[in-house]
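# Structural overview for review
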Amino acid sequence: MPEPGPRRGPAIRQGWRPPQAAAAGPARLRRIQLRIVPAVLLAARRAGLGGQGSARLIERHARVYRRTWGVLVSGVFEPLFYLLSIGVGLGRLVGTVPGPAGRPVGFASFVAPALLATSAMNGAVLDSTYNVFFRLKYAKLYDAALATPMRADEIALGEIGWALIRGGLYGCAFMAVMLAMGLVHSAWATAAIPVALLIGFAFAGAGMAATTFMTSWQHFEYIMLATMPMFLFSTTFYPLGVYPRAIQIVIECTPLYQGIVLLRGLTLGAVGPGLLASVAYLAVMGAAGLHLAGRRISRLLLR
Amino acid sequence: MADPDILIRARGLTKVFGGSVAVDGIDFELRRGEVFGFLGPNGAGKSSTMRMIGCVSPPSAGELTVLGLDPVRDGPAIRARLGVVPQEDTLDVELTVRENLLVYGRYFGLRRDVIAERTARLLDFVQLADRAGDQVEPLSGGMKRRLTIARSLISEPEILLLDEPTTGLDPQARHVVWDRLYRLKQGGVTLVLTTHYMDEAEQLCDRLVVMDRGRIVAQGTPRDLIAAYSSPEVLELRFPVGEQEQAAEKLADVPADRTEVLADRVLLYSADGEATLAEVRRRGLEPATTLVRRGTLEDVFLRLTGRRLED
Ligand SMILES: Nc1ncnc2c1ncn2[C@@H]1O[C@H](COP(=O)(O)OP(=O)(O)O)[C@@H](O)[C@H]1O
Ligand SMILES: [Mg+2]
């Protein structure tokens, strides 16, 4: 009678290819990689990564937004308006600012990557908080989905995946404008979109996890309270050097600062191994958020 | 080891929320092809039981096997084979009627062409074909319920769980739902339903358990339960306001299996209601209204718990 149940394992196993670097690298590294990579894949599979349920939730959101694509497109404009008014307009008065390693850069070139990072943050936070809260508490979307073979961790991953797809679209549009305005100064900028997605992942994970603890719309004020100052003070509009050292340390700890450093380094061509620390910071933040969100959803709904 | 025709098996099944016991060690079995009911008033623990069967609520204690699998370990695998109509509708209000079936079918991993074919059939079945392209919100309560039923059938489940399928519907809408459920029953679908309507239980269920305060107080076919705990006929008497108490005293020696004095009427249980009514009249009592009816599950519940199903 029924269709065979969803199969998750084989799809992953077929899709997996041993990384080429492993074959080329030293034997010890290869052994470590061979041991680590399958373990990571196994853990990912257990955590529902690659779960088809996530894709089906994304499919559902895409269907809903197909009708209201105007809402989707409007998100492209906000960071562009900032770029034009502050980056370009204000930039006329400012001239240049000290960029990475103290090299002077045009103000618009300095601000643009920070606005890209901010828009990745805002998009991810919006999707993973307001929208998730509505679906969780009011629309009962997850209650419906949990009556099917879908699992709570697949729901969490699907929501974050959707936030990233949306964020990726905005990121691409913004990068296109940066290119057209001559604000991209390095081939490293090709990595800017994946990094914008990483920023989105970090904030979507954290935002969704936070949302599962919220009980009323008032609690969203706290999210504004976290994101708004980060936007204003995480070296979006001026370099870290203007702060006294104590404040610099606080700023350096914020995820948006880490994202801005990454994107600024890529688009201005100031790339060093130090950026990997920022990558690790954001990846851990997103993964921890995703994990917590999945557990919280199942705690809340599977009582 | 296991009988393949026993689809659900519960032993000492228990659900505790905080300190309060919602389901208190119940035993039951569901057999393939039957319509099985949980009849009980609000708060009896019916929904809690259904959610445990539906693998969206882990049992606090006891054993539960659904389709031979363990709901805690194999939740997704079991849910792939169940259809669920929850007590509160969880329709997707951002989608149309047809899209609700499509998206839900996709949650089950069904192919689009399979879903499209089934959707056409199911919307016909629940008489919503002409609303296929409409939004869900403006639909009436009965229509939403029927859509939820259609949605639960999209995966062609082996067991259909219905939690209070007609609660809150007007009588006409209830009859439409009953008619659809009756057809499913005729088609051999295995149904589990909960209800606090005795007529619903009596009409649809092959077998049922009567639940009260988390426990099963009786089980059997509707007919057996009525035979065991009620009588073939019931005489209902209403007296003018203020006169019922006196009348009840005089009724004490009327030959009947049992007498129940309710707030607004007196019930006399006997094999022959008309004969009992004649006895009442012989004692010079003249009730304001009289009614002779068959014994029902409501009488069974009253007998077992001293309370009424609906309050
Ligand atoms: N999620 C929950 N948390 C706490 N108590 C609950 C929860 N769900 C049900 N209960 C309690 O469990 C008891 C049984 O409820 P329920 O199973 O919904 O009964 P029914 O469906 O028969 O009306 C009630 O006292 C109810 O308040
Ligand atoms: Mg209930």
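Residues numbered from 1 in each chain as written. Chains lettered and ligands numbered in written order. Predicted model: local features only at pLDDT ≥ 70, side-chain atom pairs only at ≥ 80, totals over all residues. Heavy atoms only, no water.

If you check the domain split of chain B, you get domain 1 (6-227) and domain 2 (231-295). Look at where the C-alpha atoms of domain 1 of chain B and domain 2 of chain B centre, and you get two points 39 Å apart. (Domains from an automatic or database assignment.)

Its place among the elements puts Gly68(B) in the loop between strand 4 (61-66) and helix 2 (75-79). A sequence separation of 60 residues divides Gly68(B) from Ile8(B), and the C-alpha atoms of the two residues are 7.5 Å apart. (Helix = DSSP H or I, 4+ residues; strand = E, 2+ residues; numbered from the N terminus.)

Around ligand 1, the neighbouring residues are Arg303(A), Phe17(B), Ala22(B), Pro41(B), Asn42(B), Gly43(B), Ala44(B), Gly45(B), Lys46(B), Ser47(B) and Ser48(B). Each of chains A and B places residues near ligand 1. Between an oxygen atom of ligand 1 and a side-chain N or O atom of Ser47(B), the distance comes to 2.8 Å. Protein contact buries 63% of the 550 Å² of open area that ligand 1 shows by itself. With three residues, helix 1 (residues 46-53) of chain B is the largest single contributor of residues to the shell around ligand 1. Of the residues contributing to the shell around ligand 1, the split by class is four nonpolar, five polar and two charged. (Near = heavy atom within 4 Å. Polar contact = N/O pair within 3.5 Å; in protein donor to acceptor, adjacent residues only side chain to side chain. Areas by Shrake-Rupley, 256 points an atom, 1.4 Å probe, with all protein chains shown as cover. Nonpolar A, V, L, I, M, F, W, Y, C, P; charged D, E, K, R; others polar.)

Let us now look at the packing of helix 10 (residues 192-211) of chain A against helix 14 (residues 275-301) of chain A. Residue and element names in this part refer to chain A. In the contact formed by helix 10 and helix 14, the axes pass within 7 Å of each other and the chain directions differ by 35°. You can see that helix 10 and helix 14 cross each other, and the crossing is left-handed. Residue-level contacts link Leu198, Ile199, Phe201, Ala202, Phe203, Gly205, Ala206, Met208 and Ala209 of helix 10 to Val279, Leu282, Ala283, Met285, Gly286, Ala287, Gly289, Leu290, Leu292, Ala293 and Ile297 of helix 14. Residues that form the contact of helix 10 with helix 14 fall into these classes: 17 nonpolar, three polar and no charged. (Axes fitted to C-alpha atoms, helices over the stretch in contact; angles between N-to-C directions. Left-handed = near helix turned anticlockwise from the far one by under 90°. Contact = heavy atoms within 4.5 Å.)

Residues and elements named next belong to chain A. The end-to-end C-alpha distance of helix 13 (residues 255-268) is 20 Å, a good match for the 20 Å that 14 residues give at a rise of 1.5 Å each. Of all 14 residues making up helix 13, 13 are buried, and the element is well covered by its neighbours. Gly269, located one to two residues past helix 13, shows a positive phi value of around 75°. (Expected span 1.5 Å × (residues − 1). Buried < 20%, exposed > 50% of the residue type's maximum accessible area, 1.4 Å probe, protein only.)

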